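Examining the three-dimensional arrangement
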Amino acid sequence: MTIFCSLCHRPLQAEMSCLPKRGAQVPSASKPFRSTKSASKARRDQINVELQALRSLLPISAREKERLSYLHTMALVCLQLRGAQLFPPAGSAAPAEPAPGAELLSLLPGFLLVFSANGKLVYISENVAQVLGLSVVELLAQGDTVFDLLDERTHDDVHKKLLLAQEVPGSEVTFVSEMRTSKAFRLQHGGNRAVAVRGRFMAQRCPVPSSSFSSSAATFLALCTPLARLPADGDAGSRDDLFQSTHLLDMTFADVTESVTYHLGYHREELIGQSWYNLLHPEDVNLAAAQHRAVGELLGAGAAAGTAVLRVLRRDWTWAWLRMSARRDSGGHVITCTSHCLR
């Protein structure tokens with residue numbers, strides 16, 4: 001009877017050459033082979049060579065390349081790859097510079113932001129440093145999605161708006177959120193910077209490989225414009241930037257301060273008896289309703305339900321950005337709102 005080796009499934013021979021020699025180390029799940037120092041160093045050297053090659057291809061200055069860490073290098077490479085996939089160069093000629101010239105960027109009231117349908121950053125214009133105090137490289141250290149740049153409190157609202165915009169191509173999306181800034185900026189201005197993001201999804205002219213992005217190939221192009229610093233919760237701020245209004249529980253105006261004329265153009269008498277919802281931007285109705293429900297669920301005088309940033313129609317048919325806080329007063333039968341005008 002022929003006996004077969006359990007390791008190589010060949011007939012067992014006298015010398016048993018297929019078996020490990022006595023004293024040799026046998027790998028197992030609990031005790032795998034250990035890498036030698038020379039092999040580890042060779043791998044590190046190879047990684048360094050590859051990173052240096054990738055770093056040399058980045059469209060940034062030599063001084064910036066010298067300051068890049070491994071993490072920053074890979075973040076920039078991923079950003080460039082996503083941009084190349086979504087905006088491939090025409091023909092075989094060398095790709096043109098994707099970013100507008102510095103002269104054009106200096107004329108913009110803010111910076112340009114492009115991200116994919118799943119939120120992955122594709123392009124950030126270089127003048128972002130003038131708005132947030134962080135360069136593109138420093139900003140990418142925060143993360144590689146648009147949500148890594150925004151205030152966490154706005155994530156749900158922004159996500160819903162982006163989903164709705166994908167269902168209606170060409171529709172404009174606008175929202176306000178604080179964005180991450182440099183430490184020096186926060187020390188100088190007392191916090192992060194409020195930015196109004198306004199843009200729309202754009203369909204791609206060139207087909208994108210299905211493996212590149214799991215969701216739609218559309219990209220979101222936006223202009224991010226800085227606003228005045230958002231007042232902190234409970235901060236009265238400047239009296240020139242706010243007005244107060246009193247509402248019934250269904251948000252019908254019961255009274256409003258005369259300063260509303262300066263901010264919205266309406267006279268006090270025009271608003272009394274009118275519903276607050278008649279002034280809201282259609283895209284912000286759901287957010288306002290959520291705050292309204294939160295106030296309605298609170299019991300007792302002085303109970304507050306946080307703040308919300310909303311767009312309200314002025315008398316001249318333009319939109320005003322307001323940061324509104326609401327609370328129950330007078331035994332819970334009246335809602336008082338304090339609205340800060342964001343400029």
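Residues numbered from 1 in each chain as written. Predicted model: local features only at pLDDT ≥ 70, side-chain atom pairs only at ≥ 80, totals over all residues. Heavy atoms only, no water.

**Section: the overall build of the chain**
Applied cut-off: Helix and strand labels come from DSSP, where a helix needs a run of H or I of at least four residues and a strand needs a run of E of at least two; each type is numbered from the N terminus. Each residue is assigned to one of three classes by its accessible area relative to the maximum for its type, calculated with a 1.4 Å probe on protein chains only: buried under 20%, partly exposed between the two thresholds, exposed over 50%. Between two residues, a contact is recorded if the distance between any of their heavy atoms is within 4.5 Å. Surface accessibility in these figures is a Shrake-Rupley result with a 1.4 Å probe; residues are shielded only by whichever protein chains are displayed.
Assigned secondary structure in the chain consists of 11 helices and 10 strands. Across the 343 residues that make up the chain, the buried fraction comes to 37%. Residue pairs in contact within the chain that sit at least 24 positions apart in sequence constitute 51% of those at least 6 positions apart. Carbon and sulfur atoms provide 56% of the accessible area of the chain, an area that totals close to 20,400 Å².

**Things to note about the environment of V122**
When you line up the elements, V122 lands in strand β2 (residues 121-124). Residues V122 and L81 lie 41 residues apart in sequence; the distance between their C-alpha atoms is 8.4 Å.

**Digging into the pattern of salt bridges**
Between side chains of opposite charge, a pair can form when the charged atoms approach closely. Selection criterion: Salt bridge, as used here: a side-chain nitrogen of Lys or Arg that lies within 4 Å of a carboxyl oxygen of Asp or Glu.
Evaluated as defined, the whole model comprises 10 salt bridges. Between E270 and R315 there is a salt bridge, with the nearest N and O atoms lying 3.0 Å from each other. Placement of the pair is E270 in helix α10 (residues 268-271) and R315 in the loop between β8 (304-313) and β9 (319-329), with a sequence separation of 45 residues. Looking at R315, the relative accessible area reads 47%, which means it is partly exposed.

**Quick notes on the packing of aromatic side chains**
The condition that has to hold: When the centres of two rings from Phe, Tyr and Trp lie within 6.5 Å, Trp using its six-membered ring, the rings pair. Their planes under 30 degrees apart give stacked, over 60 give edge-to-face, and anything left gives tilted.
Under the defined criterion, the tally for this structure stands at 3 aromatic pairs. Ring centres of F201 and F220 lie 5.1 Å apart, and the angle between their planes is 70 degrees; on these two criteria the pair is classed as edge-to-face. Taken together, the positions of F201 in strand β4 (residues 193-202) and F220 in strand β5 (residues 219-226) put the pair 19 residues apart, joining distant regions of the chain. Taken as a pair, F201 and F220 share a single burial class, namely buried. Of the aromatic side chains, those joined through ring pairs into one cluster are F115, F201 and F220.

**Remarks on the UniProt feature "domain: PAS" (unreviewed entry) in the chain**
Quick reminder of the rule: UniProt positions are given in the numbering used here, feature names are shortened, and annotations may be inferred rather than shown by experiment.
When the UniProt feature table is mapped to this numbering, "domain: PAS" (unreviewed entry) covers residues 103-171 and 256-284. In residues 256-284, helix accounts for 31% and strand for 3%; the two terminal C-alpha atoms are 21 Å from one another.

**Focus: the sheet that holds strand β1 (residues 111-116)**
Rule in force here: Two strands form a pair only when DSSP identifies at least two bridges running between them. To define axes, lines are fitted to C-alpha atoms, for helices over the stretch in contact only, and angles between the resulting N-to-C directions are given on a 0 to 180 degree scale.
Ordered in space as β2-β1-β5-β4-β3, the 5 strands form an open sheet in which the pairing is antiparallel. Of all the strands in the sheet, the pair left with one neighbour each is β2 and β3 (172-179). Going from strand to strand, the sheet's axes swing by 25 degrees on average, the running direction of each strand aside. For β1 and β5, the ladder comprises 6 bridges, and the chain directions are antiparallel. Its bridge partner being in β5, F115 is matched across the sheet by F220.

**Side note on the confidence of the model for the chain**
Our working rule: Per-residue confidence from the prediction method is given by pLDDT, with values spanning 0 to 100.
With 66% of its residues at a pLDDT of at least 70, the chain reaches an overall mean of 74. Under a pLDDT of 50 for its full length, residues 92-98 has, in the predicted model, 1 contact with residues more than four places off or in other chains.

**So, the nonpolar core**
Defined as follows: In this description, a nonpolar core means a group of buried Ala, Val, Leu, Ile, Met, Phe, Trp, Tyr and Cys residues linked to one another through side-chain atoms lying within 4.5 Å.
Within the largest apolar cluster, 34 residues are counted, with the highest numbers of intra-cluster contacts made by F111, L113, L121, I124, L132, L162 and M179. Per-element accounting of this core gives the leading share, 4 residues, to helix α6 (residues 136-140).

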